[in-house]
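Architecture at a glance
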Amino acid sequence: FIPPYRPTNRNWELTFAALGWKRRTIEKFWKIFCKINRSSGAIQLEHFLDFFDLDWTNWTERCFTYFDTTGGGDIDFLEFMVSV
């Protein structure tokens, strides 16, 4: 079950609007995000690599670190949208 996208973070919505993303695009990426995050609310490195069928290497770990702009060790939906 994938929950419908419901905007709850005003900063995210402002960012999406500034980037010109339409609601339909956001909802498509939301579905992908939900498939990867395994209900934790954020994507862990191992889940990201597994979903995209990537090996865990220094390069993939470094890329994930760049995506994780807050440095929390995972990627929330805003980080995912901006990175992917």
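Here, every reference points to the structure presented above.
What comes next concerns the included structure. Per-chain numbering applies: the sequence of each chain, read as written, is numbered from 1 onward. Reporting in this predicted model follows two pLDDT cut-offs: at least 70 for local features of residues, and 80 or more for side-chain atom pairs to be given and counted; totals over whole chains, interfaces and linings ignore these cut-offs and use all residues. Side-chain measures here rest on the full set of heavy atoms in the structure, leaving out hydrogens and waters.

**Looking at the side chain of glutamate 79**
Applicable threshold: Helical segments are the DSSP runs of H or I of at least four residues, strand segments are the runs of E of at least two, and each set is numbered from the N terminus. Two N or O atoms count as a polar contact when they lie within 3.5 Å, although within protein this holds only if one can serve as hydrogen donor and the other as acceptor, and sequence-adjacent residues are included solely when both atoms are side-chain atoms.
Relative to the helices and strands, glutamate 79 is located in helix 5 (residues 77-83). Only 2.8 Å separates the side chain of glutamate 79 from the backbone nitrogen of aspartate 76, close enough to count as a polar contact.

**Looking at the side chain of histidine 47**
Spelled out, the test is: By definition, residues are in contact when any of their heavy atoms lie within 4.5 Å.
Along the chain, histidine 47 falls in helix 3 (residues 45-51). Each residue touching histidine 47, except ones within four places of it in the same chain, is listed here: Ile36, Asn37 and Arg38.

**With respect to the pattern of salt bridges**
Put simply, the rule is: We count a salt bridge whenever a side-chain nitrogen from Lys or Arg sits within 4 Å of a carboxyl oxygen from Asp or Glu. Each residue gets one of three labels from its accessible area relative to the maximum for its type: buried under 20%, exposed over 50%, partly exposed in between, using a 1.4 Å probe on protein chains only.
For the structure on display, the rule yields one salt bridge. Between glutamate 27 and arginine 23 there is a salt bridge, with the nearest N and O atoms lying 2.8 Å from each other. Here glutamate 27 pairs with arginine 23, and both are found in helix 2 (residues 23-37), just four residues apart, close to one helical turn. The partly exposed category is assigned to glutamate 27, whose relative accessible area is 31%. On the basis of relative accessibility, which here comes to 38%, the residue arginine 23 falls in the partly exposed class.

**Some points on the environment of alanine 42**
With respect to the helices and strands, the residue alanine 42 is situated in the loop between helix 2 and strand 1 (43-44). Residue alanine 42 is classed as buried on the basis of its relative accessible area of 8%. Along the sequence, alanine 42 and phenylalanine 80 sit 38 residues apart, while their C-alpha atoms lie 9.0 Å from each other.

Any functional reading would require information that these geometric values do not contain.
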